[in-house]
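Listed below, chain by chain, are the residues.
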Amino acid sequence: SSGINAEYGRDGRKVIVFTGHDLSHNIYETLLQHNLITCEKWVVLPLPDLLEQTGLTLSEIKTIQAAASEKLCPKVHSISPSSEKSFDWSFGSRNLDISFGCLLKEGKVLEIWGSSGSGKTQLALQMCAAIPPKFCSAYISTEGGISTSRLFDICHARGVTTANCDIQACNAVDSFCDCVLRQLPLLLATKPVKLVVIDSIAAPFRAGEVEGGGVRRAQKIRSIGQQLKYLSSEYNLLVVVLNQATDHPIKGRLPALGMTWSYLINSRLRIEKLQHENAMGARRVSLDKGSCLKLGTFVNCIIQKEGLL
């Protein structure tokens, strides 16, 4: 039996570590050599970093990560949401579910982009409200927090008591990276999260300069994207990332962050206001990227008390 073995860090916090009984001799020696015997590191470090640092195979790393999760929280791990056979996500709108439901799959990253005020946050909130009570969602806001009152209004209009939603706000690039790379994996290891929302991916990177310039900025964007894809697959959940719009002098209005980010998502929906008469609250949602539907597929919706329907 491996048991739970702990050391104490400089800040006095208990740290769970591997012992020679937990892993094969060769793998344990590799972890010692690279100072990676702390279980928490195997939960929070991005997969590409682990592959590069250790030289281990993907199969070996997966085995170590499973052992780390078991040692950190054995009771939760044994009933982890990853053991669920299936789960049906929803946009919180029958109209949208019929048109774009095939995009809502475990292990996927869906981007929803549009101009300010188009309804991106509205749609994300109602998706959180649609998560069944025994599960929960995680909402990471990078634009100064979210309107919890609007979330409660959506729940009330739908006859739902409350939304089981963990909310975290982080505005700067470094705090955002720490939230996705370190804090989010710990949350997923301890709670039955089925939906992760990032609102928005672009805000921290557009708010100020990233130390190290454009190259370092691109590296951070890739690290976040790779981590989100890995976590969505590892924990059988859906990641929804909201993105801002930017104006290109030739191509017109486009999603922010360019191709660096575009390669890291599985599908993309655009949401925009309809500008004709009597279009108060009217929106159009259309497919910009996805393999299960024809590009350009769209549906018109309207914002009501229950959300975007």
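For the structure, see preceding data.
Residues numbered from 1 in each chain as written. Predicted model: local features only at pLDDT ≥ 70, side-chain atom pairs only at ≥ 80, totals over all residues. Heavy atoms only, no water.

## Notes on the packing of aromatic side chains
For the structure shown, the criterion picks out three aromatic pairs. One aromatic cluster is present, built from ring pairs that chain together F87, W89 and F135. Sitting over the ring of F298, R284 keeps its end group 4.0 Å from the ring centre. (Phe/Tyr/Trp six-rings, centres within 6.5 Å; stacked < 30°, edge-to-face > 60°. Lys NZ or Arg CZ within 6 Å of the ring centre and 35° of its normal.)

## Some remarks on the side chain of S99
By the secondary structure assignment, S99 is in helix α6 (residues 94–100). For S99, the side chain forms a polar contact with the main-chain oxygen of N95, separated by 3.2 Å. Each residue touching S99, except ones within four places of it in the same chain, is listed here: L293 and V299. (Helix = DSSP H or I, 4+ residues; strand = E, 2+ residues; numbered from the N terminus. Polar contact = N/O pair within 3.5 Å; in protein donor to acceptor, adjacent residues only side chain to side chain. Contact = heavy atoms within 4.5 Å.)

## As for the sheet that holds strand β11 (residues 282–289)
Sheet strands associate in pairs through backbone hydrogen bonding, adopting either a parallel or an antiparallel arrangement. Across the sheet, nine strands lie side by side as β5-β4-β6-β7-β3-β10-β11-β12-β13; this open sheet has mixed pairing. The two strands at the open ends of the sheet, each matched to only one other strand, are β5 (165–169) and β13 (307–308). In terms of strand pairing, strand β6 (residues 193–199) meets strand β7 (residues 238–243) through five bridges, oriented parallel. By the bridge assignment, V196 is partnered in β7 with V239. Packed on one face of the sheet, helix α7 (residues 120–129) meets β3 (108–113), β4 (136–141), β5, β6, β7, β10 (267–273), β12 (298–304) and β13 and runs near 160° to β7. (Pairing = 2+ DSSP bridges. Axes fitted to C-alpha atoms, helices over the stretch in contact; angles between N-to-C directions.)

## Some remarks on the pattern of salt bridges
Going through the model one piece at a time under the given rule, you end up with seven salt bridges. Note that R182 is salt-bridged to D178, the shortest N-O span being 3.0 Å. One end of the pair is R182 and the other is D178, both in helix α9 (residues 173–190) and four residues apart, which spans about a single turn. On the basis of relative accessibility, which here comes to 34%, the residue R182 falls in the partly exposed class. (Salt bridge = Lys/Arg side-chain N within 4 Å of Asp/Glu carboxyl O. Buried < 20%, exposed > 50% of the residue type's maximum accessible area, 1.4 Å probe, protein only.)

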